[in-house]
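One-letter residues, chain by chain:
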Amino acid sequence: MPILLVFAITAACLPVRWPAPLIGDGVNVAVGFTAVALFLSLSISITLRTWVVRTLRASPARKSEVAETYIRIRRIMLFANMGLVAMCIFVFGWGWFVQRTFVVFDTHESEFLLAPFAELLVPAPYFAILFAAWTVYFDAERTIHQTSVLGPVTRSFFTRIGYFLHHLRQFALMVMLPVVLFVTQQTLARFAPDLTQTDGYRLASVAVVPVLILFMPLLIKPLLGLKSMPVGVHRARLETLAARLHFRCTDFLLWSTHGATANAMIVGLLPRVRYVIFTDRILDELPPDELDAVFGHEVGHAKHGHIWLYALFLGLSMTVLAAVLLLLDQQLGAAGVKLPEWAKDWIALPPVMLVAIYIFLVFGYLSRRCERQADVYGCRAVSCMNPDCRGHDETTVYPDRAQGLCPTGIRTFVRALDRVGLVNSHGDPEPETERQSFRQLVKGFFGWLRAWQHSTMSRRVAFLLSLIGEPERERRFQRSVTVMRWALILGLLGVLYALGDAVGWHELSQVL
Ligand SMILES: [Zn+2]
Ligand SMILES: [Zn+2]
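Counting of residues starts from 1 at the beginning of each chain's written sequence and follows it residue by residue. Lettering of chains starts at A and numbering of ligands starts at 1, both following the order in which they are written. Selection of residues for local features in this predicted model requires a pLDDT of at least 70, selection of side-chain atom pairs for listing and counting requires 80 or more, and totals for whole chains, interfaces and linings are taken over all residues. To obtain the side-chain values, all non-hydrogen atoms of the structure were used and water was disregarded.

The next thing to look at is the coordination of the zinc ion (ligand 1). Taken together, the protein donors to the zinc ion (ligand 1) comprise His-297 (NE2), His-301 (NE2) and Glu-371 (OE), at separations of 2.1 to 2.2 Å. In this listing, donors mean N, O and S atoms no farther than 2.8 Å from the metal, or 3.2 Å for Na, K and Ca; water is missing from the atoms, so a site can look incomplete. For the zinc ion (ligand 1), all donor residues lie on one chain, and their spacing in sequence is H-x3-H-x69-E. Taken together, the positions of His-297 and His-301, both in helix H11 (residues 288-303) and 4 residues apart, correspond to about one turn of that helix. Here His-297 and His-301 have matching classes, each one buried. A run of H or I in DSSP counts as a helix once it spans at least four residues, and a run of E counts as a strand once it spans at least two, with each numbered from the N terminus. Accessibility here uses a 1.4 Å probe with only protein chains present; expressed as a share of the type maximum, an area under 20% marks a residue as buried, one over 50% as exposed, and anything in between as partly exposed.

Right, dumping it as structure tokens:
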């Protein structure tokens, strides 16, 4: 859920006047209650850790049941902790405490200003919870990792420091990088307002986003500690398939997670700065044909230009939203509406929430369509030219550029999808029941929240299997995705054109 976290943390860093403690009064209440909240969260994680370690030591055979419960509780804790920190900020007055304590006197304006980067202290309780969790859960995950009824485990686990860094690196790259950029902008606006008014600064702050998107892949390798995939069977196989699909990338990277996750991903817009990343576990678990299928999925993202589409879509959407807010502001101003003081204190919050909801709904939809298209490409990557084939062997000829789509290819991809799902859930397949008890509803809701970008495993599989023997269905699907892409981009351009005319292009460029 990195995107959700980015928005939640950004919202906490906004120049909003956070309320004083709603219960009791003063600094003691704010700090005291926040400390109690942190302690509460820590106690729950220590209890969970102790339960996992003790249960598995006593009865290793309960591994999959314990691992399932452990994962479920950690998922609930993710949301519970966010709620807890929101309570610290809104109810206990933690944000208010930060804003009145960490200030510097500005002789220029003769007033108190929030110290540089001090807004990061508002979501700090969350960072504390996170760091504590990584430290505490290490023992639980190591025990799960090293428990096996099948004999001694050969794969070594992280050291405690290594485990902490593994999580810290991902958090820094995916969550903190955008947040820190945003906070830097706010700090500059506070302490060098003249600089931030110049056209050069505006241009630079708009340009930093595409530059970052283009060169982010170069940062990923050192930041996540990825290694170039060593020469060997896996690499040779991937290179052969890449050549057949006419796909180019800078390198294949290996992500050592000590067997924690089975995953693959592609990053980068241009072939020169494009990496395909595989975790150690996925290379170990998947048979060669299924690994081909997974690699095919990643290549599909590049072949269909999804990464470009995402970048274009997000850039256009943000510009349109800025124009909408500007229009609203101008209309209210023209109508002579004066915002009350309390509303001015909170005015920064609604736009960020609006963006979060928009991304969740519209980008989520776009992403699910593109994932499905990449799935189909993954099937094609391991398909022969015979649409009624009964299986593949050494004599099977695979066409160039993934031109075929055959039942065996589809089934291979589906097997890979199932296996990855199974490995990542520690052997607990997604529940597949129609009965809707309250518990299942809650479970389903969290499942849906997690699946907003990829859709659920069962839906992906059902769609792919429905393509067997139905070539027209696939063509219809491809056409519908093409139409949706153009409609979305042209629609956004049209709206932007109309809004730009209404609010004035110069004014619009000022708020970006
Ligand atoms: Zn994908
Ligand atoms: Zn075939």
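Attention now goes to the packing of helix H9 (residues 233-245) against H11. Where H9 contacts H11, the axes come no closer than 10 Å and their chain directions differ by 45°. Accordingly, the angle class assigned to the pair H9 and H11 is oblique. The way H9 lies across H11 gives a crossing that is right-handed. When H9 is examined against H11, the residues His-234, Arg-237, Leu-238, Leu-241, Ala-242 and Leu-245 are found in contact with a partner set consisting of Pro-288, Asp-289, Leu-291, Asp-292, Phe-295, Val-299 and Lys-303. Residues are grouped as follows: Ala, Val, Leu, Ile, Met, Phe, Trp, Tyr, Cys and Pro are nonpolar; Asp, Glu, Lys and Arg are charged; all remaining types, including Gly, are polar. Along the lines of polarity and charge, the residues of the contact of H9 with H11 split into 8 nonpolar, 1 polar and 4 charged. Here, axes are lines fitted to C-alpha atoms. For helices the fit covers the stretch in contact, and angles between N-to-C directions go from 0 to 180 degrees. Orientation labels follow simple angle bins: below 35 degrees gives roughly parallel, above 145 gives roughly antiparallel, 65 to 115 gives roughly perpendicular, and whatever is left gives oblique. Two helices that cross are described as forming a left-handed crossing if the nearer one is turned anticlockwise from the farther one by less than a right angle, and a right-handed crossing if clockwise. The contact criterion used throughout is that any non-hydrogen atoms of two residues lie within 4.5 Å.

With that settled, the discussion passes to the coordination of the zinc ion (ligand 2). Each donor-metal-donor angle would ideally measure 109.5 degrees in four-coordinate tetrahedral geometry, or 90 or 180 degrees in six-coordinate octahedral geometry. The zinc ion (ligand 2) binds to the protein through Cys-384 (SG), Cys-389 (SG), His-392 (NE2) and Cys-406 (SG), with metal-donor distances spanning 2.1 to 2.3 Å. If you look at the zinc ion (ligand 2), its 4 donor atoms make angles of 101 to 115° with each other, and the shape they trace is tetrahedral. The sequence pattern formed by the donor residues of the zinc ion (ligand 2) is C-x4-C-x2-H-x13-C. Of this pair, Cys-384 sits in the loop between helix H14 (349-381) and helix H15 (407-424) while Cys-406 sits in the loop between H14 and H15, and the two are 22 residues apart along the sequence. Both residues of the pair, Cys-384 and Cys-406, belong to the buried class. Any coordination sphere not matching a tetrahedral pattern (four donors, all angles between 85 and 135 degrees) or a square planar or octahedral pattern (four or six donors, opposite donors over 155 degrees apart, other angles between 65 and 115) is reported as irregular.

Let us look at the confidence of the model for the protein chain. Residue-level confidence of the predictor, termed pLDDT, takes values from 0 up to 100. Taken residue by residue, the protein chain gives an average pLDDT of 86. The fraction at 70 or more is 93%. At the low end of the mean pLDDT range in the protein chain sits helix H16 (residues 438-450), at 61; at the high end sits H11, at 95. In the model, residues 427-435 has pLDDT below 50 throughout and makes 11 contacts with residues more than four positions away in sequence or in other chains.

Our focus in this paragraph is empty space enclosed by the protein. Here a cavity denotes grid points, spaced 1 Å and computed from the protein atoms alone, that fit a 1.4 Å probe unable to get out, and a pocket denotes an open set having protein on both sides within 12 Å along at least 5 of 7 lines; residues with an atom within 4 Å of a point are the lining. Grid points are joined across faces, edges and corners, and a volume is the space filled by probe spheres set on the points. Enumeration over the complete set of coordinates arrives at 1 cavity of 30 Å³ or more. If you add up the space inside the largest cavity, you get close to 30 Å³. Taken together, Gly-268, Leu-269, Arg-274, His-301, Ala-302, Gly-305, His-306, Ile-307 and Trp-308 form the lining of the largest cavity. Secondary structure elements with two or more residues in the lining of the largest cavity: H11 and helix H12 (306-334). When residues in the lining of the largest cavity are grouped by element, the largest group, 3 residues, is from H12. Its residues placed into classes, the lining of the largest cavity shows 4 nonpolar, 4 polar and 1 charged.

Here the domain parsing of the protein chain yields domain 1 (2-188) and domain 2 (227-313 + 323-511). Taking only C-alpha atoms into account, the centre of domain 1 sits 28 Å from that of domain 2. Taken together, the contact pairs 25 residues of domain 1 with 25 residues of domain 2. A 1.4 Å probe defines the accessible area here, and the buried area is the portion of it lost by two parts on being joined, summed over both. Counting each side, the surface lost to burial between domain 1 and domain 2 is near 2,200 Å², with a carbon and sulfur contribution of 71%. The element best represented in the side of domain 1 that touches domain 2 is helix H3 (residues 63-90), accounting for 8 residues. Throughout, the edges of the domains are those of an automatic or database domain assignment.

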